[in-house]
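# Remarks on the overall topology
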Amino acid sequence: MNTGFSTLDFVVFTLYALTIVVAGLYVSRTKKGVQKTANEYFLADKSLTWWAVGASLIAANISAEHFIGTSGSGFAIGLGIAAYEWIAAITLIIVAKYFLPIFLKNGIYTMPQFLESRFDRRVSTAFAVFWLLVYVFVNLTSVSYLGALAMEKIMGVPLQYGIIGLLIFSGIYSIYGGLEAVAWTDVIQVIVLIIGGLITTFLALNAVGDGNGIWAGLSNLYQEARNHFVMIVPKGEIMVPDGSGGVRDAFQDLPGMAVILGAMWLTNIGYWGFNQYIIQKGLAAKSIQEAKKGLIFAGYLKILIPVLVVLPGIAAWVLINKSTPEELSALLKVPFDQIGTIDKSDEAYPWLLKNFVPSGLRGLTFAALAAAIVSSLASMINSTSTIFTLDIYQVYFKPNASNQQLVRTGRMVAIISLVIAMLVAPQLASLDQVFQYIQEYTGYIYPGVVAVFCMGLFWRQITGNAALWTAIATIPLGIFFKIIYPEMPFLLRMGYVFILLLAIASVISFSEKKTFQNPEFKSSQGKGYSHKFAYLFLGLGVLAAFVGLLKFTVWSYIGFESIFMLASLFFMLGIILLTNLEMKYADRKSLSTSPELYNTATPFNLGAAGIILLVGLLYYFFWM
């Protein structure tokens, strides 16, 4: 078998690239003499159907960080890394039912725009800067690096040239066409990435099963890598490479119960609920109902994703560690020196593509990988330009800017962000698992993002000053915990930061005098369902804290201390519900929402129940 790209592979891959560019330019074309409006450029003119919303969400989400990064973590840690996908599936239900309706009702373009309308310009600017830094220095750089790493290992393209090529290719149609080009080409890309990903998984499992099919492969995979099929990772049991020749505890990346009790929820709620380049797809939906259905569709796709990206990583671990060089050489019918080795975890997926996928199909599967990379980069580029243009340029530099000036500025910002990413991305080459780098460094802002947004959406007491100081404290608190407790897993650190931020926001909010009449105050005269839920959440908070104190030491090996974050969340929900009803005055910018806004139809409820049932069963079968 040829271990490089054949002529047929190049033909298939080139046809894919041309199809995407042509499709992106075609769907976003404008009539001669007609200027593209800001609504068309940044929100696809609110034209997306449910299946386009769901497909675009997944295409924007699934990228090199999954095909390369998550497979790398699957190679090093195992199925536990699928927690990010399966918790996300449930998070999408929460976002669809409670967050997105409010954004759509209020005509929101961007997340900083929501913060300005709910709080003030200071808060929106602080978070706009946060997101711009994360998008450019974490997301764009990591995704382009991982994609280029795959190109280097499979096609022999030098790393720097691969980074430049991917960023330029992604920018061609996203900069010209805006979100409309990104979203509709994502429909094509998600089909390609699922088909290509399934092909790679099938071939990898077939190889593990000695050519006897995927079921034999799954059986052998489970037997040969039993410790890789664990969702709750205990302390000290799984050691992974640290990127510098040594090893470290996988508990640092997935600290036991924190994936279901702790800050894994902050990561997912922050990412799916308030991340511009993700939520922008839902904001571009035709209607609230279309958006809700699109998110449920995306939830089912998230459950499928580990089959595409985690199982291949585990299969690569079995093949490289359980086979002798002679066995691999005989299996692939090539000399061992052409097969290569896996020197760092993130090389697992490229190694599979190079060795186990035949010519022609290799071009298709690499096109799937490229589809994931390019769609995410395009979404990040578009959202970077959207935030800067609408939340900084239009606010501080040119409030009366025309549509033409806004679109032109957005394109210039996109180009600048591409150049910065090209310069920074090569610096990630020293890391073993870039996926963990992404999670840790975005984890510095997500506690503040979730605290400020959720309180802003649902709590009538939180003020602009409270939100601002919560935002200001977010990164310094994360750095403080990192310095004082460097050995603490970042998911646990995020949980403790979140608890402190809730306290800061609450103290400042309660200390500020308010004169705005609370429109919900009259309902406090009768003890209705809201009161009962308030007391229920307060009780659950106290109970969770008590159990945490009781079992903190005994179950420390599975990160049970993460229950304190859950306790604080329950307690805060109780306070929000109770004070919304029983405090006479509220913040003047607090939101009024009717219960009908959260109503969902039977198909949505059945779809949501199906997601929860599937995730529950998966955790039941692969607990520990």
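Everything quoted here is computed from the prediction, not taken from an experiment.

### What about the overall build of the chain?
If you tally the helices and strands in the chain, you get 26 helices and 4 strands. For the chain, the proportion of its 624 residues judged to be buried stands at 61%. Total accessible area on the chain stands at roughly 23400 Å², and carbon and sulfur atoms take up 67% of it.

### A look at a nonpolar patch on the surface
There is a patch of nonpolar side chains on the surface, built from Ile479, Phe480, Ile483, Ile484 and Tyr485 and spanning about 500 Å² of accessible area. Relative to the assigned elements, phenylalanine 480 resides in helix α22 (residues 464–484). Residue classification places phenylalanine 480 among the partly exposed residues on the basis of a relative accessible area of 46%.

### A closer look at the environment of serine 590
Of note, serine 590 is situated in the loop between β4 (585–586) and α26 (602–621). A residue is classified by how much of its surface remains accessible, and serine 590, at 10% relative accessible area, is buried. Along the backbone, serine 590 and asparagine 518 are 72 residues apart, and their C-alpha atoms lie at a distance of 9.0 Å. Not counting chain neighbours up to four residues away, the residues in contact with serine 590 comprise Arg118, Arg460 and Phe516. In this structure the side chain of serine 590 is engaged in a polar contact, spanning 2.9 Å, whose partner is the side chain of arginine 460. Here aspartate 587 takes part through its backbone oxygen, which lies 2.8 Å from a polar atom of the side chain of serine 590.

### A look at the packing of helix α23 (residues 490–511) against helix α25 (residues 563–582)
Between α23 and α25, the least distance of the axes is 9 Å, while the angle of their chain directions is 25°. Of the possible angle classes, the one that applies to α23 and α25 is roughly parallel. Where α23 crosses over α25, the handedness of that crossing is left-handed. On α25, the residues that touch Gly495, Tyr496, Phe498, Ile499, Leu502, Ser506 and Phe510 of α23 are Phe564, Met565, Ser568, Leu569, Met572, Ile575 and Thr579.

### Describing unusual backbone geometry
Most of the time, phi is negative for any residue but glycine, and the peptide bond is trans. Even without glycine at this site, aspartate 210 takes up a positive phi of about 55°. Inspection of the secondary structure puts aspartate 210 in the loop between α9 (179–208) and α10 (214–224). Overall, the relative accessible area of 60% leaves aspartate 210 in the exposed class.

### Examining the environment of phenylalanine 453
By secondary structure assignment, the location of phenylalanine 453 is in helix α21 (residues 446–458). According to the relative accessible area criterion, phenylalanine 453 is buried, its value standing at 0%. Taking the C-alpha atoms as reference points, phenylalanine 453 and methionine 111, separated by 342 residues in sequence, lie 9.1 Å from one another. Setting aside residues no more than four positions away along its own chain, phenylalanine 453 makes contact with Phe103, Met111, Phe114, Leu115, Trp131 and Phe274.

### Remarks on helix α7 (residues 121–155)
In an α-helix, one turn spans 3.6 residues; hence positions three or four apart end up facing the same way. The end-to-end C-alpha distance of α7, which contains 35 residues, comes to 48 Å, matching closely the 51 Å that a straight helix rising 1.5 Å per residue would cover. Within α7, the axis deviates most sharply at tyrosine 135, by approximately 35°. Of all 35 residues that make up α7, 28 are buried, and the element is covered over most of its length. Two residues or fewer after α7 comes glycine 156, characterised by a positive phi angle close to 80°.

### Here we look at the environment of alanine 59
Tracing the backbone shows alanine 59 in helix α3 (residues 50–61). Considering only alpha carbons, one finds alanine 59 and valine 192, 133 residues apart in sequence, at a separation of 9.9 Å.

### Concerning the side chain of threonine 141
Looking at the secondary structure, you find threonine 141 in helix α7. A polar contact of 3.2 Å, which involves the side chain of threonine 141, links it to the backbone oxygen of valine 138. Contacts of threonine 141, omitting those with residues within four sequence positions, involve Val136, Ala421, Val424, Ala425 and Leu428.

### Comments concerning the nonpolar core
The biggest cluster of nonpolar side chains holds 203 residues, and the ones touching the most others in it are Phe103, Trp131, Phe274 and Phe366. Sequence-distant contacts of phenylalanine 366, that is, excluding residues within four places in its chain, are made with Phe5, Phe13, Ala150, Met151, Ile154, Met155 and Leu353.

### Here's the deal with the pattern of salt bridges
Evaluation of the coordinates by the stated rule reveals 9 salt bridges. In this structure, lysine 302 engages glutamate 85 in a salt bridge whose closest nitrogen and oxygen atoms are separated by 2.4 Å. Placement of lysine 302 in helix α14 (residues 288–322) and of glutamate 85 in helix α5 (residues 83–105) is noted, with a sequence separation of 217 residues between them. Taking relative accessible area as the criterion, lysine 302 reaches 1% and is therefore assigned buried. The salt bridge partner of arginine 122 is aspartate 120, with a shortest N-O separation of 2.8 Å.

### Digging into the side chain of asparagine 518
Summarising the element assignment, asparagine 518 is placed in the loop between β3 (516–517) and α24 (529–551). On the basis of relative accessibility, which here comes to 2%, the residue asparagine 518 falls in the buried class. From its side chain, asparagine 518 meets the backbone oxygen of asparagine 580 in a polar contact 2.8 Å long. Those residues in contact with asparagine 518, other than ones at most four positions away along the chain, are Arg460, Thr579, Asn580, Met583, Lys584, Tyr585 and Ala586.

### As for the packing of aromatic side chains
One pass over the structure, following the stated rule, counts 26 aromatic pairs. Both rings, one in phenylalanine 481 and one in tyrosine 485, keep their centres 6.3 Å apart while their planes meet at 35°; by these two values the pair is tilted. With relative accessibility at 11%, the residue phenylalanine 481 sits in the buried group. Ring centres of phenylalanine 481 and tyrosine 496 lie 6.3 Å apart, and the angle between their planes is 10°; on these two criteria the pair is classed as stacked. Linking phenylalanine 481 in helix α22 with tyrosine 496 in helix α23, this pair joins segments that are 15 residues apart in sequence.

About the thresholds
- Residues numbered from 1 in each chain as written.
- Predicted model: local features only at pLDDT ≥ 70, side-chain atom pairs only at ≥ 80, totals over all residues.
- Heavy atoms only, no water.
- Helix = DSSP H or I, 4+ residues; strand = E, 2+ residues; numbered from the N terminus.
- Buried < 20%, exposed > 50% of the residue type's maximum accessible area, 1.4 Å probe, protein only.
- Areas by Shrake-Rupley, 256 points an atom, 1.4 Å probe, with all protein chains shown as cover.
- Patch = residues over 30% accessible without salt bridge, like charges linked within 9 Å, V, L, I, M, F, W, Y side chains within 5 Å.
- Salt bridge = Lys/Arg side-chain N within 4 Å of Asp/Glu carboxyl O.
- Contact = heavy atoms within 4.5 Å.
- Polar contact = N/O pair within 3.5 Å; in protein donor to acceptor, adjacent residues only side chain to side chain.
- Axes fitted to C-alpha atoms, helices over the stretch in contact; angles between N-to-C directions.
- Parallel < 35°, antiparallel > 145°, perpendicular 65-115°, else oblique.
- Left-handed = near helix turned anticlockwise from the far one by under 90°.
- Expected span 1.5 Å × (residues − 1).
- Bend = angle between axes of the 7 residues up to and from the residue.
- Core = buried A, V, L, I, M, F, W, Y, C linked by side-chain atoms within 4.5 Å.
- Phe/Tyr/Trp six-rings, centres within 6.5 Å; stacked < 30°, edge-to-face > 60°.

So far we have only geometry, and geometry alone does not tell us how the molecule works.
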